[in-house]
Amino acid sequence: LPSEEALLCQQQQQQQAEELQALSFSHRRGLYDSQGRLMLKNLTLPELEEWCTAVGEDARRALQLWRWLYYDHNWVASLQDTVGRQNGFSQRFIDKAGGLASVDGGLLLEQVAAAKDGTTKLVFKLTEGEAAGGSVEAVLIPMLHRRGSRKHITLCVSSQLGCAMNCQFCYTGRMGLSGNLSTAQIIEQMVVACRVLAADPSAGASISNVVFMGMGEPLHNYEAVSAAVDIMCQPLGLHMSHNKVTVSTVGLVDVLERFAASSNVQLALSLHATTDEVRDWIVPVNRRHNLAALTAVLRQHYGAGNAAGRQVLVEYTMLSGVNDTLQDAQRLVQLLDGIQAKVNLIMFNPFQGTRFRPSAMEQVLAFRSVLIQAGRICTIRDSRGDDEMAACGQLGNPALSSKAAPILPPPPQFQHVLV
């Protein structure tokens, strides 16, 4: 028969398991690793405080963990790395935490590929979660400050392995969706990127902007992305400004409503067309959330003269003969009427097997001129990292996907402009 001490231990473990199930975040997916341990990088700071209390630690332990995980030049991969260092953990706590939790991010850096323009692609192997075994990519993009005196770096992170949106001109979209990333796997991309930059004396800068524009549709994995944004913007850790974090979406209207009502980070909308006919083809989610529904939400939350001064960045990939006419530019002006927005024209980055061609620069400039004359701020995004397939719309590898998305037939009038 079990001893009285063993029975007491079992009762304590059962009570602790019940307490953990009652935590406010326990409904989220992907919280635990394959060994049943809680992955702490899934938790916001208040959630980490909640967990510490549930396992019998002082809530202040959470801030100690937080600073070792995220504060500048800490970014520890193991609690053991803190032993003997100021404010490090005792072996007793490390042994206790080791059976309950992990500071692992659920992915491993496999490859670092540098393009000629200084853009760096980070390729990660997923070791945990519903997409375990696959590879996702993040990109470090160096930019010069407007005055040309200081470099800053934008980190582009992925939120899914592949993507379910099936945008016809996007390389990632050709993959289909293999799985969502957990909050920990999103955050680990940033933590590893911080380590990579810190280890490179020539980098000369730290991450100043984060954009959710890598693999996946961020609002299709909203719970994980929302928690990741909270972690990134926590002042005592990765301390990103809300103004320097941008979440991109193709326009999942129902989730966009939640995002706009609850988040104060920046929004980018991948629009890419000015008629429902064209958008139904090249951005098929438009068949569920059409342009009228999408612009209505934008007017509600990002209307001209809104009290918070909120503004949406409209992303528009220029596809020769498909969406780049002057009539398209005029329709875009009309679509954005009453919406506080600036427009970013994106040069299409071709990939093997694509049917689309990039617009000529002359056409891009003429398109831009229509918007500027209408009083819109309109920029042209440089193609960065395309020689290493690290540019916009080039991440991933459809050849490795078992869920390749279908190629959709174009409206008849566009057949002749395709490759």
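Small disclaimer: the values here were computed from a predicted structure and weren't measured.

Engineer: Tell me what's going on with helix α9 (residues 291-302), and back it up with residues and numbers.
Structural biologist: With 12 residues, α9 ought to run about 16 Å at 1.5 Å a step, and its terminal C-alpha atoms sit 15 Å apart, in line with that. Buried within α9 we find L291, L294, T295, V297, L298, H301 and Y302. Viewed along the axis of α9, the buried residues span an arc of 155°, placing them on a single side of the element. Those residues of α9 that are exposed and aimed more than 90 degrees away from the buried face are A292 and Q300. If you follow the buried residues of α9, they end up packed against α7 (253-262), β11 (266-270), α8 (276-282), β12 (312-318) and α10 (326-335).

Engineer: Residues and numbers for unusual backbone geometry, please.
Structural biologist: We note that W75 has phi near 50°; this positive angle belongs to a residue other than glycine. Here W75 lies in the loop between α3 (61-70) and α4 (91-98). Positive phi outside glycine occurs at H239, with the angle close to 40°. Inspection of the secondary structure assignment puts H239 in the loop between α6 (222-232) and β10 (245-249).

Engineer: A description of the packing of α7 against α9 should follow, citing residues and the corresponding values.
Structural biologist: Here α7 crosses α9 at 5°, and the two axes come no closer than 10 Å. Between α7 and α9, the angle is such that the two are roughly parallel. Here V253, L256, E257, F259, A260 and A261 of α7 lie close against α9, whose contacting residues are A293, L294, V297, L298, Q300, H301 and Y302. Class assignment of the residues belonging to the contact of α7 with α9 gives a composition of 10 nonpolar, 2 polar and 1 charged.

Engineer: Would you mind going over the side chain of E188 in detail, with residue names and values included?
Structural biologist: Counting through the fold element by element, E188 comes out in helix α5 (residues 183-198). Discounting chain neighbours no more than four positions away, the residues touching E188 are K41, G105, L107 and R195.

Engineer: Give me the side chain of T274: which residues, what numbers.
Structural biologist: By the secondary structure assignment, T274 is in the loop between β11 and α8. Reaching out from T274, the side chain makes a polar contact with the side chain of D328 at a distance of 2.7 Å. At 3.0 Å, the side chain of T274 and the side chain of R331 are in polar contact. For T274, the contacting residues outside a window of four places in its chain are L291, Y316, D328, R331, L332 and L335.

Engineer: Requested: an account of the packing of aromatic side chains, with residues and values cited.
Structural biologist: Pairs of aromatic rings are described using the distance from one ring centre to the other and the angle between the two planes. In total, this model carries 8 aromatic pairs according to the counting rule given. Between Y316 and F367 the ring centres are 5.3 Å apart and the planes differ by 35°, which places this aromatic pair in the tilted class. Taken as a pair, Y316 in strand β12 and F367 in helix α11 (residues 361-373) lie far apart in primary sequence, 51 residues in all. The exposure class of Y316 is buried, given its relative accessible area of 0%. The exposure class of F367 is buried, given its relative accessible area of 0%. Aromatic ring contacts, followed pair by pair, group Y171, W281, F348, F351, F356 and F414 into a single cluster. A cation sits over an aromatic face here: R61 above F93, 4.0 Å from the ring centre. Its end group placed over the ring of Y71, R67 keeps NZ or CZ at 4.3 Å from the ring centre.

Engineer: Break down the pairing of β12 for me, citing the residues and quoting the values.
Structural biologist: Burial analysis of β12 places 7 of its 7 residues in the buried class, which makes it a mostly covered element. By the alternation rule, side chains of β12 split into V312, V314, Y316 and M318 and L313, E315 and T317, which are all buried. The pairing of β11 with β12 spans 4 bridges and is parallel. Paired with S270 across the two strands is E315, which belongs to β12. Bridging between β12 and strand β13 (residues 341-347) involves 7 bridges; their strand directions are parallel. Across the sheet, V312 pairs through a bridge with A341, a residue of β13. Crossover handedness for the path β12 to α10 to β13: right-handed.

Engineer: Can you explain the nonpolar core? Please cite residues and give values.
Structural biologist: Core analysis: the largest hydrophobic core is formed by 123 residues, its most contacted members being W51, I207, F212 and I282. No other element matches the 8 residues that α5 contributes to this core. For I282, the contacting residues outside a window of four places in its chain are N166, C167, Q168, F169, H272, A273, L319, V322, N323 and F356.

Criteria and cut-off values
Residues numbered from 1 in each chain as written. Predicted model: local features only at pLDDT ≥ 70, side-chain atom pairs only at ≥ 80, totals over all residues. Heavy atoms only, no water. Helix = DSSP H or I, 4+ residues; strand = E, 2+ residues; numbered from the N terminus. Expected span 1.5 Å × (residues − 1). Buried < 20%, exposed > 50% of the residue type's maximum accessible area, 1.4 Å probe, protein only. Arc of directions from axis to C-beta. Contact = heavy atoms within 4.5 Å. Axes fitted to C-alpha atoms, helices over the stretch in contact; angles between N-to-C directions. Parallel < 35°, antiparallel > 145°, perpendicular 65-115°, else oblique. Nonpolar A, V, L, I, M, F, W, Y, C, P; charged D, E, K, R; others polar. Polar contact = N/O pair within 3.5 Å; in protein donor to acceptor, adjacent residues only side chain to side chain. Phe/Tyr/Trp six-rings, centres within 6.5 Å; stacked < 30°, edge-to-face > 60°. Lys NZ or Arg CZ within 6 Å of the ring centre and 35° of its normal. Pairing = 2+ DSSP bridges. Right-handed = clockwise from strand over helix to strand, strands pointing away. Core = buried A, V, L, I, M, F, W, Y, C linked by side-chain atoms within 4.5 Å.

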